[in-house]
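Architecture at a glance
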Amino acid sequence: MEEVRSTTAWVATHSSHVTVDFTGIEKVAENMKNSLPKVEWDFEGIHYFDNGPLTVQYLLVLDTVNFCFWPDEEMSYDHLASGLKVTLESDKSAFDADRLQKYTGPQLRKMLNWPRPLPLEDERVRLLHEVGLELERSFEGKASKLVESSHNSAAKLVALMACHFPGFRDHTVYKGHQIFLYKRAQIFAADLWGAFKGQGYGDFEDISSITIFADYIVPAVLQQLGVLRYHSSLANIIMKNTEIVSGSEEEVELRACSVYAVEKMKELISKKTGKQVLSVELDLWLWAFGIQCPSLQHHRTLSIYY
């Protein structure tokens with residue numbers, strides 16, 4: 001994932017609206033050095049898991065539609081994960097590739113037991129169709145075949161995702177430079193690693209290559225921790241809950257600077273402790289921290305990428 005690290009670092013050094021505070025990174029690293037964050041992947045108990053290919057299929061479907069909850073204040077990732085879990089427990093063929101290609105918005109709502117249209121519902125349905133079609137065309141309809149094609153490389157799996165599924169091609173142009181983020185593709189690799197505890201379908205020899213997953217929760221947590229600082233104009237936009245356009249300088253900086261800052265945090269914690277720290281572990285901790293702070297004020301962007 002060197003392209004993610006190098007391009008987000010470029011954004012951080014040319015950022016106009018977001019600043020990475022190295023003093024803040026030092027403080028967080030110092031506080032963490034004696035208690036490295038360890039968050040279990042399914043600490044909420046909301047995911048489907050059977051230790052086999054069906055879990056892989058479930059995780060791909062989950063990560064296909066795992067984006068943009070904030071327009072509906074009552075909607076959360078938990079509803080998505082648990083709703084899909086219940087669906088699969090009652091119908092083991094619910095996520096077969098041919099069926100993924102046919103779902104409608106109302107049917108997706110029924111799976112999630114949700115009473116009204118989902119945020120970006122048409123996009124969620126479109127992406128399910130896209131994934132079902134490509135699984136059928138290239139991987140015998142099975143997400144497990146996709147994972148096997150990565151040959152135990154998380155980085156290769158992310159590359160395969162970006163190659164085969166346009167909805168996972170999370171990159172943009174910032175000040176004339178192409179920037180790579182790949183949030184949901186990396187989450188799929190991390191979910192496999194976490195669910196299978198680094199074994200079987202989650203056995204990736206290069207899991208350390210994965211960065212954090214640049215969404216709208218992590219920047220808010222990093223800002224609260226003093227790791228990110230916002231220009232007053234950006235802070236005002238976020239405070240007023242004004243939507244920030246996807247692909248704008250502000251939006252790209254919020255995500256890219258988060259990746260860069262956590263990479264620096266990881267390096268510093270590893271240096272202080274002499275132990276390897278994974279970005280995946282830091283992301284889980286930051287995300288868990290964020291969802292436990294209901295007053296946390298995050299930026300608002302409509303996007304299928306987070």
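The name given to the chain in an unreviewed UniProt entry is Queuosine 5'-phosphate N-glycosylase/hydrolase, with the source organism recorded as Datura stramonium. Of the comments in the UniProt record for the chain, the one headed Function (unreviewed entry) reads "Catalyzes the hydrolysis of queuosine 5'-phosphate, releasing the nucleobase queuine (q). Is required for salvage of queuine from exogenous queuosine (Q) that is imported and then converted to queuosine 5'-phosphate intracellularly." In its Catalytic activity (unreviewed entry) section, UniProt records this for the chain: "queuosine 5'-phosphate + H2O = queuine + D-ribose 5-phosphate".

**Focus on the overall build of the chain**
Helix and strand counts for the chain come out as 14 helices and four strands. A compact globule built from 306 residues would reach a C-alpha radius of gyration of about 19 Å, and the chain, at 19 Å, matches this within 12%. Across its three principal directions, the C-alpha atoms of the chain cover 50 × 45 × 35 Å. Across the 306 residues that make up the chain, the buried fraction comes to 57%. Relative to all contacts within the chain whose residues are 6 or more apart in sequence, the contacts with residues 24 or more apart total 77%. Entry remark: accessible area of the chain is about 12900 Å², with carbon and sulfur atoms responsible for 50%. Placing the 31 positive and 41 negative side-chain charges of the chain at their respective mean positions leaves the two points 2 Å apart.

**Points about the pairing of strand β2 (residues 171–174)**
Here β2 shows one buried face, formed by T172 and Y174, and one open face, formed by H171 and V173. Where β2 meets strand β3 (residues 177–180), four bridges bridge the pair, whose relative direction is antiparallel. Looking across to β3, one finds that Y174 is bridged to H177. Linking β2 to β3, which pair antiparallel, is a turn of two residues; within it K175 sits at a positive phi near 50 degrees.

**Notes on unusual backbone geometry**
Residues other than glycine predominantly adopt negative phi, and peptide bonds predominantly adopt the trans conformation. Residue N113 is not a glycine yet carries a positive backbone phi of 55 degrees. Considering the arrangement of structural elements, one finds N113 in the loop between α6 (105–112) and α7 (121–138). Notably, Y182 is not glycine yet its phi reads approximately 50 degrees, a positive angle. Here Y182 falls in the buried class, since its relative accessible area comes to 8%.

**Some words on the pattern of salt bridges**
Summed over the entire model, instances satisfying the criterion amount to 17 salt bridges. Residue R229 pairs with D21 through a salt bridge whose shortest N-O separation is 2.5 Å. Of this pair, R229 sits in strand β4 (residues 228–230) while D21 sits in the loop between β1 (18–20) and α2 (22–32), and the two are 208 residues apart along the sequence. Between R109 and E121 there is a salt bridge, with the nearest N and O atoms lying 2.7 Å from each other. In this pair, R109 is assigned in helix α6 and E121 in helix α7, connecting sequence segments twelve residues apart. Both residues of the pair, R109 and E121, count as buried.

**Overview of the side chain of S153**
By secondary structure assignment, the location of S153 is in the loop between α8 (143–148) and α9 (154–164). Residue S153 is classed as buried on the basis of its relative accessible area, which comes to 14%. There is a polar contact of 2.9 Å between the side chain of S153 and the side chain of D206. Not counting the four nearest positions on each side in its chain, S153 is found in contact with F204 and D206.

**Focus: the packing of aromatic side chains**
By the definition in use, this model includes ten aromatic pairs. Taking the centre distance of 5.9 Å and the plane angle of 55 degrees together, the rings of Y48 and Y58 count as tilted. In this pair, Y48 is assigned in the loop between α2 and α3 (53–64) and Y58 in helix α3, connecting sequence segments ten residues apart. For Y48, a relative accessible area of 5% gives the class buried. Look at F196 and Y201: their rings are 5.6 Å apart centre to centre, the planes differ by 70 degrees, and that puts the pair in the edge-to-face class. No difference in accessibility class separates F196 from Y201, as the two residues are buried. In this structure an aromatic cluster arises from ring pairing among F49, F196 and Y201. Taking the ring centre of F67 as reference, the NZ or CZ of R124 above it sits at 4.4 Å. Above the plane of the ring of F69 lies R124, whose end atom (NZ or CZ) is 5.5 Å from the centre.

**With respect to α7**
The end-to-end C-alpha separation of α7 is 26 Å, in line with the 26 Å expected for 18 residues at 1.5 Å each. Packed against the buried residues of α7 are α3, α5 (97–100), α6, α8, α9 and α10 (183–195). Of the residues flanking the end of α7, it is E140, one or two places downstream, whose phi is positive at about 55 degrees.

**Description of the nonpolar core**
Considering soluble globular proteins, one finds that nonpolar side chains tend to be buried as a cluster. Of all hydrophobic cores here, the largest spans 105 residues; its most connected members are F188 and L192. When residues no more than four places from it in sequence are discounted, the contact partners of F188 are V56, L59, L60, D63, L146, V147, L157 and M161. Formed by five residues, the second largest nonpolar core is a distinct cluster that contains V11, Y174, I179 and A256.

Conventions adopted
- For every chain, the first residue of its written sequence is number 1, and the numbers climb from 1 along that sequence.
- Local features in this predicted model are restricted to residues whose pLDDT is 70 or higher, and side-chain atom pairs enter the listing and the counts only when it is 80 or higher, whereas totals over whole chains, interfaces and linings include all residues.
- Calculation of side-chain values draws on the structure's entire complement of heavy atoms; hydrogens and water are dropped beforehand.
- UniProt positions are given in the numbering used here, feature names are shortened, and annotations may be inferred rather than shown by experiment.
- Runs of E in the DSSP output that reach at least two residues are strands. Runs of H or I that reach at least four are helices, and both are numbered from the N terminus.
- Just to be clear, the radius of gyration here is over C-alpha atoms, and the globule rule we use is 2.2 Å times residues to the power 0.38.
- Relative accessibility under 20% of the residue-type maximum defines a buried residue, over 50% an exposed one, and the middle range a partly exposed one, all with a 1.4 Å probe and only protein chains included.
- Contact criterion: two residues are considered in contact whenever any of their non-hydrogen atoms come within 4.5 Å of each other.
- Areas reported here follow the Shrake-Rupley algorithm with a probe of radius 1.4 Å; residue values treat only the protein chains shown as occluding.
- Positive charge is attributed to Lys and Arg, negative charge to Asp and Glu, and no charge count is given to His or to the chain ends.
- Where a charge sits is defined by one atom per residue type, namely NZ (Lys), CZ (Arg), CG (Asp) or CD (Glu).
- Paired strands, as defined in this entry, are two strands with at least two bridges between them according to DSSP.
- Salt bridge, as applied in this entry: a Lys or Arg side-chain nitrogen positioned within 4 Å of an Asp or Glu carboxyl oxygen.
- Any pair of N or O atoms that falls within 3.5 Å is considered a polar contact. Within protein, one atom must be able to donate a hydrogen and the other to accept it, and sequence-neighbouring residues count only if both atoms are side-chain atoms.
- Aromatic contacts are taken between Phe, Tyr and Trp rings whose centres are within 6.5 Å, Trp giving its six-membered ring; a plane angle under 30 degrees counts as stacked, one over 60 as edge-to-face, and the others as tilted.
- Lysine and arginine charges are scored as sitting over a ring when NZ or CZ, respectively, is within 6 Å of the ring centre and within 35 degrees of the ring normal.
- To estimate how far a helix should reach, multiply one less than its number of residues by 1.5 Å.
- Within this scheme, the nonpolar core is defined by two criteria: the residues are buried Ala, Val, Leu, Ile, Met, Phe, Trp, Tyr or Cys, and they are joined through side-chain atoms within 4.5 Å.

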